Every structure is written in structure tokens, then in C-alpha cells.
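# A closer look at the structure
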Amino acid sequence: MRPCPLCQAADWQPSWEKAGERYMRCASCGFIVADLSPVRFERLNESTFEELRESYIERSYDPRRQARYERRLAWIERRVGVGRLLEVGAGVGGFLHAARRRGWEVVGVEPVAACAHWARTHQGLDVRVGSIESIALERDHFDAAYGHAVLEHLTDPLGALRAVARALRPGGVSWFDTVNARSYSAERLGPDWKLIDPALHYCLWTPTTLRRACERAGLEVVTVRSHGVRLRANALGRPRGLARGLDEVRKLPLSAAARWTLRGESIAVLARRPARGVRPEPVGTAVAAAS
Ligand SMILES: [Zn+2]
């Protein structure tokens, strides 16, 4: 097992297992990483997303989804106005498409060539193929960076966040959301929860590791938020009728608490590149306070 991608420690403890693959938890900082080589994981991920491409096209260009993107963009615009946007993990370009319509100048990076190619040829979007840390991006350039459900797929998350920090202009903001390994859902369902899957999600975050990674990358954390509770394994399907009502009632106190305890199934971090240079910590500095 390689050193921890966040703190470089090499002291691992076994964590969740699923379908013959397992996660390991860093004893030093609490980061959870799949026990797979990055190359093998990236190959698995690439084939999964190639297969899903058509359904992503349908979903991300659906008018309701586009309206949701618009609401997120309006939220970002309240902080930095309309300017230059970088999307990490742009997929087939649905979010960039919505942003361009609102006047943003947009660039995406996307490691799955089949998705990036579709966004370029069918939507005329500037989506570059590769991982963000491998692409020569403009420096000090973007007003905002955005990544929805992407951090859990990265094999070098700190390298990616550092690349984001370099690409943002001083005062520019980044927004990322990801799976919360410290959520009520993870605690109750463990690997029965579809998001806990070493073959699909390389790393699993907590509010603490997410905050720490941003800080180490040279970003200043503005807020960390969390929401969403799931109490039933995905394999059981959605409850109906009375069962659904009871499910909702059971979830209510946890859903309300999740906003304060940061134990919802999704965590999101809004961070900012400091207006005057704050240097990223050197690689190898231990990360304190495991959660
Ligand atoms: Zn660590």
C-alpha cells in the first residue's frame, strides 16, 4: 500500500470491504483509501464511465438538472460574479453548458476521453482530457472552480487541489462536494450503501480530511456543509406507501441533526484562494486530528 495521499504516513488499518476489494484507513489522519493500485483503479473507473456516458448525456442535459445547475451557479455568482469557470471532472459538459448560457467563460478537465470528446464535438465546449494535475492550465486565471462528486474518484486528491489553487486567481473560490464517510448513512449501512465501493470511489472523505486537504493545498476554507440521510441499503429499493412515510419520519431527526453534526451523506466545501499568497504546507507534514 502506498503512503497516504493526504499526509504521507504509511500506517494503515483495514476498513470496509466489498466484493473482494477493501478500503484502508490512515492511522495518522483518518483518510480512507481503496487498497488498489491507482493505475488499476483508473482503468476500472474509465470503463465504468464509458459505459455510463449515454445515460449521463440524458441526465445532465435534462431541463430539471439544468435548472439545478443554474441555481448552483447563481449561488457561486453571489460570491464572485460571472467570470471564468473551471470544472474538475466535467463529464459530458452539462454544468459547463449551463454556465456558458449565463455568460461564463468555461473550461473543463475530464479524464474519461469518451466523455470529454462528446462535450467538445457535440457542445463545442473546451473540455481537456486528463487529470487536472497533468494538464497545463492557465495560472491565477479562474474566478471559480467547481467539482461535483469528483473528489472520491481522484487517486492524487492533494495534487488535484493544489492544481485548483494554482489555477484560481487570488480571491477566486472553489466548491466541491463528495461522499461523507462519517455520515449516519455510512455508520448504519457500511458497504451496503452503494457509495461505499472501492472499485468505484478511490477515497472517502470526512469533514475533517476535506478541510485539511484544502488547507494543505493552499485554499482557505470558507464553509463546510453536509446534508442527506439514507437508512436503507440501495439494494432494497425505494420504500412505498406507509413504509415510505415511516422511513421519512425516522429520518427527520437525523436529517435535521446532520446540518449541525456534519454527518449527512454528502459534504461540500467552499474554499477561497487567499487574496495574498498563503503557501501550501510542504508534502510530508503530518495531518493532525483524525475524525
Ligand atoms: Zn493520512
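The residue count restarts for each chain, going from 1 along the sequence in the order it is written. With pLDDT at 70 or above as the cut-off, local features in this predicted model cover only qualifying residues; side-chain atom pairs require 80 or more to be listed or tallied, and sums for whole chains, interfaces and linings still use all residues.

### Considerations on the overall build of the chain
Which entries qualify depends on this criterion: Numbering of helices and strands starts at the N terminus; helices are DSSP runs of H or I of at least 4 residues and strands are runs of E of at least 2. The globule rule used for comparison is 2.2 Å times the number of residues to the exponent 0.38, while the radius of gyration itself is calculated over C-alpha atoms. Whether a residue is buried, exposed or partly exposed is read from the other C-beta atoms within 10 Å of its own C-beta, which are placed from the backbone; 20 or more gives buried, 12 or fewer gives exposed, and intermediate counts give partly exposed. It is the C-beta atoms, placed from the backbone, that decide contacts: two residues are in contact if theirs lie within 7 Å.
When helices and strands are counted, the chain shows eight helices and 11 strands. In summary, the chain has a C-alpha radius of gyration of 19 Å against a globular reference of 19 Å for 291 residues, a match within 12%. In terms of principal-axis extent, the alpha carbons of the chain reach across some 45 × 45 × 35 Å. The buried share of the chain, reckoned over its 291 residues, is 43%. A sequence separation of at least 24 residues applies to 71% of the contacts in the chain between residues at least 6 apart.

### Considerations on the confidence of the model for the chain
Formally: Confidence scores labelled pLDDT are given residue by residue by the predictor and lie between 0 and 100.
Of the residues in the chain, 93% have a pLDDT of 70 or more, and the chain-wide mean is 92. With pLDDT under 50 throughout, residues 283–291 is counted as low confidence; its partners more than four residues away or in other chains account for 18 contacts.

### Some words on the pairing of strand β5 (residues 105–110)
Along any regular strand, the residues point their side chains to alternate faces of the sheet. Just so we agree on the cut-off: Pairing between strands is defined by DSSP: at least two bridges between them are needed. For crossovers, right-handed means that the path from the first strand over the helix to the second runs clockwise, given strands pointing away from the viewer.
Of all six residues in β5, five are buried, a share of seventy percent or more. As paired strands, strand β4 (residues 84–88) and β5 are joined by five bridges and run parallel to one another. Counted as the bridge partner of E87 is G108 from β5. Relative to strand β6 (residues 127–129), β5 runs parallel, the two sharing three bridges. Bridge pairing in β6 links V109 to R128. In this view, the connection linking β5 to its parallel neighbour β6 by way of helix α4 (residues 113–123) has right-handed handedness.

### Focus on the sheet that holds β5
Which entries qualify depends on this criterion: Angles here are taken between N-to-C directions and fall from 0 to 180 degrees, while the axes themselves are lines fitted to C-alpha atoms, restricted in helices to the stretch in contact.
Taking strand neighbours across the sheet as the criterion, the seven strands line up as β6-β5-β4-β7-β8-β11-β10 in an open arrangement whose pairing is mixed. The strands lining the two open edges of the sheet, one partner per strand, are β6 and β10 (220–227). Going from strand to strand, the sheet's axes swing by 15° on average, the running direction of each strand aside. The sheet contacts of helix α5 (residues 157–167) involve β4, β7 (142–148) and β8 (168–179), and relative to β8 the element is tilted by about 150°. Across the sheet, helix α7 (residues 207–216) lies against β8, β10 and β11 (266–272), angled at about 155° from β10, the strand it touches most.

### Some words on helix α2 (residues 63–80)
Residues that lie three or four places apart on an α-helix share one face, since the helix turns once every 3.6 residues. For clarity, the threshold we go by: In this scheme, a helix's expected span is set at 1.5 Å multiplied by one less than its residue total.
Helix length check: α2, at 18 residues, gives a terminal C-alpha distance of 25 Å against a target of 26 Å (1.5 Å per residue), a fit within 8%. Looking at the buried residues of α2, the elements they touch are α3 (94–101), β7 and β8. At the exit of α2 stands G81, carrying a positive phi of roughly 75°.

### So, the sheet that holds strand β9 (residues 203–204)
Strand order across the open sheet formed by four strands is β1-β2-β3-β9, with antiparallel pairing between neighbours. Of all strands in the sheet, those with a lone pairing partner are β1 (12–18) and β9, marking the two edges. With two bridges joining them, strand β3 (residues 32–34) and β9 adopt antiparallel strand pairing. The residue of β9 that forms the bridge with I32 is L204.

### Section: the nonpolar core
Short version of the rule: Structurally, a nonpolar core is described as a collection of buried Ala, Val, Leu, Ile, Met, Phe, Trp, Tyr and Cys residues joined by way of C-beta atoms within 7 Å.
With 74 residues, the main nonpolar core has A145, L161 and V164 as its most contacted residues. The element that contributes the greatest number of residues to this core is α5, accounting for seven residues. Contacts of V164, omitting those with residues within four sequence positions, involve V88, I132, A145, S174 and A217.

### Details of the environment of S28
The topology assignment puts S28 in the loop between β2 (21–26) and β3. Overall, the presence of 19 C-beta atoms within 10 Å leaves S28 in the partly exposed class. Distance in space between the C-alpha atoms of S28 and R120 is 42 Å, their sequence separation being 92 residues.

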